[in-house]
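Now for the letters of each chain:
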Amino acid sequence: RYRNQPWAARIGLDNLTDDEWQSHLGALRPLPDNLSEALALRYHGHQFRHYNAGLGDGRGFLHAQLRDPVDGRLLDLGTKGSGRTPWSRTADGRLTLKGGVREALCTEMLEALGVYTSKTLSIIETGEELMRHDEPSPTRACVLVRLSHGHLRFGSFQRLFHLHEPEPLARLCVFAIECHFPELAKMAPGPERIESLFRAVCRRTAVLWASYFAAGFVHGVLNTDNMNITGESFDYGPYRFLPRYDPAFVAAYFDETGLYAFGRQQEAMLWNLQRLAEALSPLCPPERLNLCLSDFLPLSFRLCHQHFLRRLGVKPRDPVQDSVLCAHCLCFLDESKMSYDRFFFDWYGGLISQDRALRGPAAVHYRGDRFAALRSQLQTYSAAHPDRLADPYFQGLPCTLVIDEIESLWQAISERDDWSAFEGKVDAIRAMGRATGHAAADPETAPSPEPFRSIHDR
């Protein structure tokens, strides 16, 4: 139903025939010279701040590993909806086709908006009928394969801390450094290296929050088992993109207290980092880890301003002025209640887009005193990439992915098995990514990858 050809080309899997693709990524037969058996990973975690020691891969597993031929990073092929594992508890281990479609749309959109995210590589419908309490049933099923730079969750470290196993915890840290933070591998083992590992995780987490904020994205379930030490966003259930700026906007209907609301995601990530620091405390004095935590908020705010201005398409000036511009933008968005995506589309490049913005359907918002303060700030900024405004994307409509659009795309698939709107939306999202400089790897321009090869040479 979905085959991510740009990323398949990047990792050397684009030459698989349809039969081979379905064999390896649908029936999940092992890839040549790779893992001979699937690995369901065990972890713990805080779910809505309640500790759960019964977690693990309940409907997925690590299927294969390889190296990204472009940047050399470790890549995991992980499944979702592949059936029961020892950690499934009472669930069936399956994924609805709607869930697969939603995840593919989410990863495409986040990538196009510059968020460091897992990639949906493949969706294959299985023909099974699933019963679910939160959508009409029976409903269709699928197997999804996710491409990710590792699956080491905060909860993996929490588990070993909870079980009082410092030696396996130390080995896990060595593995994390060798595979995901090789720049730290030359440091001598000890507390200083653990502190450096944690500081790197804090920085990557700060980048993640900043990119979420600029994208107007609400993950929905930011539990510690859904946080990756690489700073890569993954595992999309009840996510939402903002229709308009609203710090109280929540994605999950069951998030009754707004714990993971749009405006509280920074707080949630900091709380999760505090739990990771707690888990690493047997290997490094807590006061050293707390110093890393003290840097998180100022760092994440600086990064947020950078990502916000990058999406707006203007050149940064200095930290103070950049923060002032961002504050003016948010005040305007809060007061006007206009579309979050439309604002960035209309004013991409700053005042260079003024004529285009004033011809658009949101022009009424850009007249009068309410916009005057923001305009005065924008006029001191220049376009970072003025040439991009010649792209056809900026002559049309902003690409959005609010919940009503997702439901409409699914309705066409569910009722008529019509995938044309879904495929058109993926094309539109990728066109936005190209226009704004966040395009996925293009098989025609990316470096030629080596043939698929295993990293398991031990």
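Structure's up top.
Computed from a predicted structure; not experimentally measured.

Caption draft 1: Quick peek at the nonpolar core. Residues Phe157, Phe198 and Phe343 are the most contacted members of the largest nonpolar core, which totals 110 residues. When residues of this core are assigned to their parent elements, the largest contribution, 13 residues, is made by helix α6 (residues 191–215). Those residues in contact with phenylalanine 343, other than ones at most four positions away along the chain, are Leu312, Cys329, Phe332, Leu333, Met338, Tyr366 and Leu374. Listed in part, the 19 residues of the second largest apolar core include Trp7, Leu25, Leu66 and Leu75.

Caption draft 2: Representation of the environment of alanine 170. With respect to the element layout, alanine 170 can be found in helix α5 (residues 166–180). Overall, the relative accessible area of 30% leaves alanine 170 in the partly exposed class. Placed 24 residues apart in sequence, alanine 170 and isoleucine 194 show a C-alpha to C-alpha distance of 9.0 Å.

Caption draft 3: A look at the pattern of salt bridges. Using the criterion set out here, one finds 28 salt bridges in the structure. A salt bridge links aspartate 235 to lysine 80; its shortest N-O distance comes to 3.3 Å. Remark: lysine 80 occurs in strand β5 (residues 74–80) and aspartate 235 occurs in the loop between β9 (217–218) and β10 (240–241); sequence separation between them is 155 residues. In this structure aspartate 235 comes out as partly exposed when scored by relative accessible area, which is 21%. For lysine 80, a relative accessible area of 5% gives the class buried. The closest approach of N and O atoms between arginine 146 and glutamate 103, which form a salt bridge, is 3.4 Å. Here glutamate 103 lies in helix α3 (residues 97–112) and arginine 146 lies in strand β8 (residues 139–148), a separation of 43 residues in the sequence. The same class applies to arginine 146 and to glutamate 103, which are both buried. A network of salt bridges, in which partner residues are shared, links Arg1, Glu125, Arg140 and Asp417.

Caption draft 4: Expanded view of the pairing of β5. With 7 of its 7 residues buried, β5 lies for the most part within the structure. Bridge analysis of strand β4 (residues 62–67) against β5 gives 5 bridges, and the strand direction is antiparallel. Bridged to alanine 64 within β5 is leucine 77. As paired elements, β5 and β8 share 5 bridges and run antiparallel to each other. If you follow glycine 78 over to β8, its bridge partner there is arginine 146.

Caption draft 5: Structural detail: unusual backbone geometry. The amide bond that connects serine 137 to the next residue, proline 138, takes the cis arrangement and shows omega of 0 degrees. When you line up the elements, proline 138 lands in the loop between β7 (119–130) and β8. The backbone of aspartate 235 sits at a positive phi, close to 65 degrees, despite the residue not being glycine. In the Ramachandran plot, lysine 337 falls in the positive-phi region, its phi being about 60 degrees despite a non-glycine side chain. With respect to the helices, strands and loops of the structure, lysine 337 is situated in the loop between α10 (319–336) and α11 (340–346). According to the relative accessible area criterion, lysine 337 is partly exposed, its value standing at 46%.

Caption draft 6: Looking closely at the packing of α3 against helix α15 (residues 420–436). At their nearest, the axes of α3 and α15 sit 8 Å apart, and the two run at 15 degrees to each other. Considering the angle they form, α3 stands roughly parallel to α15. As for how α3 packs across α15, the hand of that crossing is left-handed. Within the contact between the two elements, α3 uses Val101, Ala104, Leu105, Glu108, Met109 and Ala112 and α15 uses Phe422, Lys425, Val426, Ile429, Arg430, Met432, Gly433 and Thr436. Classifying every residue of the contact of α3 with α15 by side-chain character gives 9 nonpolar, 2 polar and 3 charged.

Caption draft 7: Structural detail: α10. The end-to-end C-alpha separation of α10 is 26 Å, in line with the 26 Å expected for 18 residues at 1.5 Å each. All of the buried residues along α10 are Asp322, Leu325, Cys326, Cys329, Leu330, Phe332, Leu333 and Ser336. Buried residues in α10, looked at end-on, bunch into an arc of 160 degrees, giving them a common side. Looking at the packing, one finds that the buried side of α10 touches α6, α9 (296–312), α11 and α13 (369–378). Measuring from the backbone nitrogen of valine 320 back to the side-chain oxygen at the start of α10 gives 3.0 Å, which picks out aspartate 318 as the cap. Phi turns positive, to about 60 degrees, at lysine 337, one or two residues after α10.

Scoring rules and cut-offs
Residues numbered from 1 in each chain as written. Predicted model: local features only at pLDDT ≥ 70, side-chain atom pairs only at ≥ 80, totals over all residues. Heavy atoms only, no water. Core = buried A, V, L, I, M, F, W, Y, C linked by side-chain atoms within 4.5 Å. Buried < 20%, exposed > 50% of the residue type's maximum accessible area, 1.4 Å probe, protein only. Helix = DSSP H or I, 4+ residues; strand = E, 2+ residues; numbered from the N terminus. Contact = heavy atoms within 4.5 Å. Salt bridge = Lys/Arg side-chain N within 4 Å of Asp/Glu carboxyl O. Pairing = 2+ DSSP bridges. Axes fitted to C-alpha atoms, helices over the stretch in contact; angles between N-to-C directions. Parallel < 35°, antiparallel > 145°, perpendicular 65-115°, else oblique. Left-handed = near helix turned anticlockwise from the far one by under 90°. Nonpolar A, V, L, I, M, F, W, Y, C, P; charged D, E, K, R; others polar. Expected span 1.5 Å × (residues − 1). Arc of directions from axis to C-beta. Polar contact = N/O pair within 3.5 Å; in protein donor to acceptor, adjacent residues only side chain to side chain.

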